[in-house]
Amino acid sequence: MENVPWESFSAIFHSSLSWPWLDVQILLYNLETNQCVTKVGNSMGDFSCVNLHSSPPNMLVAGNKDRRVRVFDLRCAEAVCCVQGHQLGVCSVQMDEWKVVSGGEEGLLCVWDQRMATKLWEMHARHPVRRVWFDSHLLITANIPEEKNPRGSSITEDDPSLHRKYRGVIYCYDFSVDQLAVDSVLPICRSSYDEVSGYSYNIGLAVPYDSI
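Just so you know, these numbers come straight off a predicted model, no measurement behind them.

Participant: Please set out the sheet that holds strand 14 (residues 169-174) residue by residue, giving values where relevant.
Facilitator: Pairing in this open sheet of 3 strands is antiparallel, and the strands run 12-13-14 from one edge to the other. In this open sheet, the two strands that pair with only one neighbour each are strand 12 (129-134) and strand 14. Between one strand axis and the next, the sheet turns through 15° on average, direction left out of account. Direction of pairing for strand 12 relative to strand 13 (residues 138-143): antiparallel, over a ladder of 5 bridges. Directly across from V129, in strand 13, lies its bridge partner N143.

Spelled out as structure tokens, the structure:
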């Protein structure tokens, strides 16, 4: 697999309709030879999303209806990280060298540290998070509602509240280091060491100002 371009591989879900109690797997195919090169998974729940091409080499991230996010190492065909924090199934995932972003059907967006298997950040929206994309400083999500057509005889097409409820939303989160976070830090934490005195306001600082 190391000598074949990563774009030549594709991952698909595989389950047995005849034997529904069997474990569900993800099959990785070489598109040039049409051969299955490895299998990962062994989950009782159905895999609902998978991301291969945005993942680091030899890695794959997948979301499952059992509310878990799994990171697989394709060299050993085993899960090296498994995190759980969604109330419903996972419907979108992406990862890089150390973090994983997952979106759930309940509208929850999570950022995970896969090295520690811990949640770093979360945000909740009305609709399921169907698409996620991020780079070094931006995180973009697409929240698409389950019901795209309103129901009920009392609903009118020109009702603005109705259109907002059934309208999908695209969110863009900017984590750029160019943005100064100074405004969110208390003045005592921004004090210069040139000053001889200060007051800690009962804040437990890593380097207490008043002890200088």
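Participant: Go over the environment of V90, please, and point to the residues and values.
Facilitator: Relative to the assigned elements, V90 resides in strand 8 (residues 90-95). Sequence separation between V90 and E106 is 16 residues, and the spatial gap between their C-alpha atoms is 8.8 Å. Beyond its immediate sequence surroundings of up to four residues, V90 is in contact with S48, C49, G63, N64, R67, R68, V69, S102, G103 and G104.

Participant: Got a sec to walk through the packing of aromatic side chains? Specific residues and values, please.
Facilitator: Evaluated as defined, the whole model comprises 4 aromatic pairs. Ring geometry for W121 and F175: centres 5.5 Å apart, planes at 90°, overall edge-to-face. Here F175 lies in the segment after strand 14 and W121 lies in strand 11 (residues 118-124), a separation of 54 residues in the sequence. With a centroid separation of 6.1 Å and 20° between ring planes, the pair formed by Y171 and Y173 is classed as stacked. The class for Y173 is buried, based on a relative accessible area of 16%. Connected via pairs of aromatic rings, a cluster forms that spans W121, Y171, Y173 and F175.

Participant: Give a detailed account of the pattern of salt bridges, specifying residues and quantitative values.
Facilitator: Here the structure, examined in full by the defined rule, presents 7 salt bridges. Among the ionic pairs, E146 bridges to R130, the shortest N-O distance being 2.7 Å. Of this pair, E146 sits in the loop between strand 13 and helix 1 (160-165) while R130 sits in strand 12; the two residues are 16 residues apart in sequence, bridging distant segments of the chain. A residue is classified by how much of its surface remains accessible, and R130, at 21% relative accessible area, is partly exposed. A single salt-bridge network, built from bridges that share partners, covers D66, R68 and R70.

So, how was this worked out
- Counting restarts for each chain, with residues numbered from 1 along the sequence as it is written.
- Given that this is a predicted model, residues contribute local features only at a pLDDT of at least 70 and side-chain atom pairs are listed and counted only at 80 or more, while totals for whole chains, interfaces and linings are drawn from all residues.
- Hydrogen atoms and water are omitted, and side-chain values are computed over all heavy atoms in the structure.
- Whether two strands pair comes down to DSSP finding at least two bridges between them.
- Helix numbering and strand numbering both begin at the N terminus, where a helix is a DSSP run of H or I of at least 4 residues and a strand a DSSP run of E of at least 2.
- To obtain each axis, a line is fitted to C-alpha atoms, and for helices this fit is confined to the stretch in contact; angles are then taken between N-to-C directions over 0 to 180 degrees.
- Working rule for contacts: check all heavy atoms of both residues, and any pair within 4.5 Å makes them a contact.
- Think of it this way: a Phe, Tyr or Trp ring, Trp meaning its six-membered ring, pairs with another when their centres are within 6.5 Å, and the plane angle makes it stacked under 30 degrees, edge-to-face over 60, tilted otherwise.
- Each residue is placed in one exposure class: buried if its accessible area under a 1.4 Å probe, protein chains only, is under 20% of its type's maximum, exposed if it is over 50%, and partly exposed if it falls in between.
- Note on definitions: salt bridges are taken to be side-chain nitrogens of Lys or Arg within 4 Å of carboxyl oxygens of Asp or Glu.

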